Amino acid sequence: MIRTRRTGRGRAHRGSRAVATAGAAVAVLALTAVTAGCEPQAAGSTPAAPSPAPTSGSPTDDAKPDDTKPGADEPGTPTPSASTPPKPTPTPTATAPAAPDPQGKVLMANGAQGKQVRELQARLRQIGHFNRTPTGYYGTVTVTAVQSFQGKRGLPRTGKADTLTWQKLLGMTHEPTAAELNPPTTRPVAKPDKRCMTGRVICISKNSRSLSWMIDGKVLSSMDVRFGSQYTPTREGTFSVYWKSRHHVSTLYDSPMPYAMFFSGGQAVHYSSDFAARGYNGASHGCVNVRDEGKIASLYAQVRNGDKVVVYN
């Protein structure tokens, strides 16, 4: 009896250990199932029942066809689903190339300056479309001249020197000479005042609107000039250059006055881009404006402080 009871207790103990071992295995499997999915679930929640695998050829409504299996006719082509219609292949939209500008590239336009602009003006002058001295500055006068030329040749009157306009102009003109590019003046030089006949003199005539650089009665260079308006007139008389300022800017009007040579208070002989662009449509604030930058630069290099300046009518 005693042996039998011991045996029973021994079996019961072994049974308890077996039950514990099985319970631990179930817990491990449950934990593994919880952590192995794409979307982790909280421990203790009821896992969703797995969806039955779809049968071949009958995908569920939200299933995607297997695009990794090649079709019968074209290897690598996705096999279409019986319930999902094939998507149409988008047709690429062809973009038409931009039409080239028949006038070509714009070579020069309003505001440009340089040797090519001076050549343009000289060539236009050869055939009567530009009646001024070439300045090398593309202003409103040049725009009007180019428009005139373009209108005569049946081209759009843009006022811009494009490739087509330039080629037509080249074909109708010859290469400008040095005198055509830099003529002495567009206006006849007045007879010098007697005060200009001795020494080094900047001789300025209001009547002919011209300036002559003279040494001992000989004219070395001449250029067009303009003067102040009736409200800011250019003073007349005999003066002398007392200050030169290559890159001067007016403190009164905040405007550039390159190659300034002061001779009477704030009045000076200097280059004017406004004069080059607008011609005699404008006026200075009393200074003597020169519109040919090349000529005023040469004059500036030759004039010394103390040289005489004569302004007469």
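Computed from a predicted model, the values in this text were never measured in an experiment. (Residues numbered from 1 in each chain as written. Predicted model: local features only at pLDDT ≥ 70, side-chain atom pairs only at ≥ 80, totals over all residues. Heavy atoms only, no water.)

> I'm lost on the pattern of salt bridges in this one. Help?
Close approach of charged atoms allows side chains with opposite charge to pair. Counted according to the given criterion, the structure contains seven salt bridges. One salt bridge connects Arg195 with Asp193, and the closest N-O pair in it is separated by 2.8 Å. When its relative accessible area of 32% is taken as the criterion, Arg195 is described as partly exposed. Across the salt bridge formed by Glu236 and Lys206, the nearest N and O atoms sit 3.4 Å from each other. Of this pair, Glu236 sits in the loop between strand 5 (218-226) and strand 6 (237-240) while Lys206 sits in the loop between strand 3 (200-205) and strand 4 (210-215); the two residues are 30 residues apart in sequence, bridging distant segments of the chain. (Salt bridge = Lys/Arg side-chain N within 4 Å of Asp/Glu carboxyl O. Buried < 20%, exposed > 50% of the residue type's maximum accessible area, 1.4 Å probe, protein only. Helix = DSSP H or I, 4+ residues; strand = E, 2+ residues; numbered from the N terminus.)

> It is not clear to me how the side chain of Asp307 should be interpreted in this structure. Could you clarify?
Within the element layout of this structure, Asp307 appears in the loop between helix 7 (293-302) and strand 11 (308-312). Setting aside anything within four residues of it in sequence, one finds Asp307 in contact with Arg200, Trp213, Phe239, Ser240, Val241 and Gln302. (Contact = heavy atoms within 4.5 Å.)

> Would you mind showing me how to read the nonpolar core here?
A general tendency of soluble globular proteins is for nonpolar side chains to be buried together. If you look at the biggest cluster of nonpolar residues, it comprises 25 residues, and the most contacted ones within it are Ile204 and Val269. Apart from residues lying up to four places away in sequence, Ile204 is in contact with Ser210, Leu211, Val225, Phe227, Val269, Val288, Val309, Val310, Val311 and Tyr312. Counting residues in hydrophobic clusters, the runner-up holds 14 residues, among them Val141, Ala145, Val146 and Leu169. (Core = buried A, V, L, I, M, F, W, Y, C linked by side-chain atoms within 4.5 Å.)

> Honestly, the confidence of the model for the chain in this entry has me stumped. Any pointers?
Close inspection of predicted coordinates is inappropriate in any region flagged by low pLDDT. The share of residues in the chain with pLDDT of 70 or more is 66%, and the mean pLDDT across the chain is 77. Contacts from residues 18-22, a stretch scored under 50 in pLDDT, to residues over four places away or in other chains number zero contacts. (pLDDT = per-residue confidence, 0-100.)

> Just checking my understanding: could you explain the state of the cysteines for this structure?
Joining two cysteines, a disulfide is a covalent bond between their sulfur atoms. Counted according to the given criterion, the structure contains one disulfide. Paired by a disulfide, Cys196 and Cys203 hold their sulfur atoms 2.1 Å apart. Linking Cys196 and Cys203, the disulfide has an S-S dihedral of approximately 80 degrees and is accordingly described as right-handed. Taking the relative accessible area as the measure of exposure, Cys196 reaches 0% and is therefore buried. Note on Cys203: relative accessible area 3%, which makes it buried. (Disulfide = S-S within 2.5 Å.)

> Before we go on, may I ask you to explain the sheet that holds strand 9 (residues 267-271) in this structure?
The strands that make up a sheet are held in pairs by hydrogen bonds between backbone atoms, and each pair lies either parallel or antiparallel. As summarised here, the arrangement of the nine strands in space is 6-11-3-4-5-10-9-8-7, forming an open sheet in which the pairing is mixed. A strand with exactly one partner marks an edge of an open sheet, and here the two such strands are strand 6 and strand 7 (243-249). Each strand axis lies, on average, 30 degrees off the axis of its neighbour in the sheet, ignoring direction. Relative to strand 9, strand 8 (residues 256-264) runs antiparallel, the two being bridged by three bridges. Note on strand 9: the bridge partner recorded for Phe262 is Ala268. Helix 7 rests against strand 3, strand 4, strand 5, strand 7, strand 8, strand 9 and strand 10 (288-290) of the sheet, and its axis sits at about 45 degrees to strand 8. (Pairing = 2+ DSSP bridges. Axes fitted to C-alpha atoms, helices over the stretch in contact; angles between N-to-C directions.)

> Looking at this structure, I do not really get the packing of helix 3 (residues 140-152) against helix 4 (residues 163-172). What am I missing?
The relative placement of two packed helices is expressed as an angle between their axes plus a distance between the axes. Between helix 3 and helix 4, the least distance of the axes is 11 Å, while the angle of their chain directions is 80 degrees. One finds that helix 3 runs roughly perpendicular with respect to helix 4. Packed against helix 3, whose contacting residues are Val146, Phe149 and Gln150, the element helix 4 presents Thr165, Lys168, Leu169 and Met172 at the interface. Taken together, the residues of the contact of helix 3 with helix 4 break down into four nonpolar, two polar and one charged. (Parallel < 35°, antiparallel > 145°, perpendicular 65-115°, else oblique. Nonpolar A, V, L, I, M, F, W, Y, C, P; charged D, E, K, R; others polar.)

> What is the right way to read the side chain of Ser272 from this model?
Along the chain, Ser272 turns up in the loop between strand 9 and helix 6 (273-278). Excluding residues within four positions of it along the chain, Ser272 makes contact with Arg226, Asn289, Val290 and Arg291.

> Help me understand the pairing of strand 3, please; the structure alone is not making it clear to me.
If a strand is regular, its side chains alternate between the two faces of the sheet. Within strand 3, five of the six residues are buried, which leaves the element mostly enclosed by the surrounding structure. Relative to strand 4, strand 3 runs antiparallel, the two sharing six bridges. Its bridge partner lying in strand 4, Ile204 is registered against Leu211.

> Is there a simple way to explain helix 2 (residues 115-126) in this structure?
Helical geometry: 3.6 residues make up each α-helical turn, so side chains three or four residues apart lie on a common side. With twelve residues, helix 2 should reach 16 Å at 1.5 Å per residue; the first-to-last C-alpha distance of 17 Å fits that figure. Every buried residue of helix 2 is listed here: Val117, Arg118, Leu120, Gln121, Ala122, Arg123 and Leu124. Where helix 2 is buried, its residues meet strand 1 (106-108), helix 3, strand 2 (161-162), helix 4, helix 5 (178-181) and helix 7. Just downstream of helix 2, Gly128 is the residue with a positive phi angle, here 80 degrees. (Expected span 1.5 Å × (residues − 1).)

> Where do I start with unusual backbone geometry in this structure?
With phi around 55 degrees, Asp254 is a residue other than glycine that occupies positive phi space. Within the fold, Asp254 resides in the loop between strand 7 and strand 8. The backbone of Tyr259 sits at a positive phi, close to 55 degrees, despite the residue not being glycine. Here Tyr259 is to be found in strand 8.

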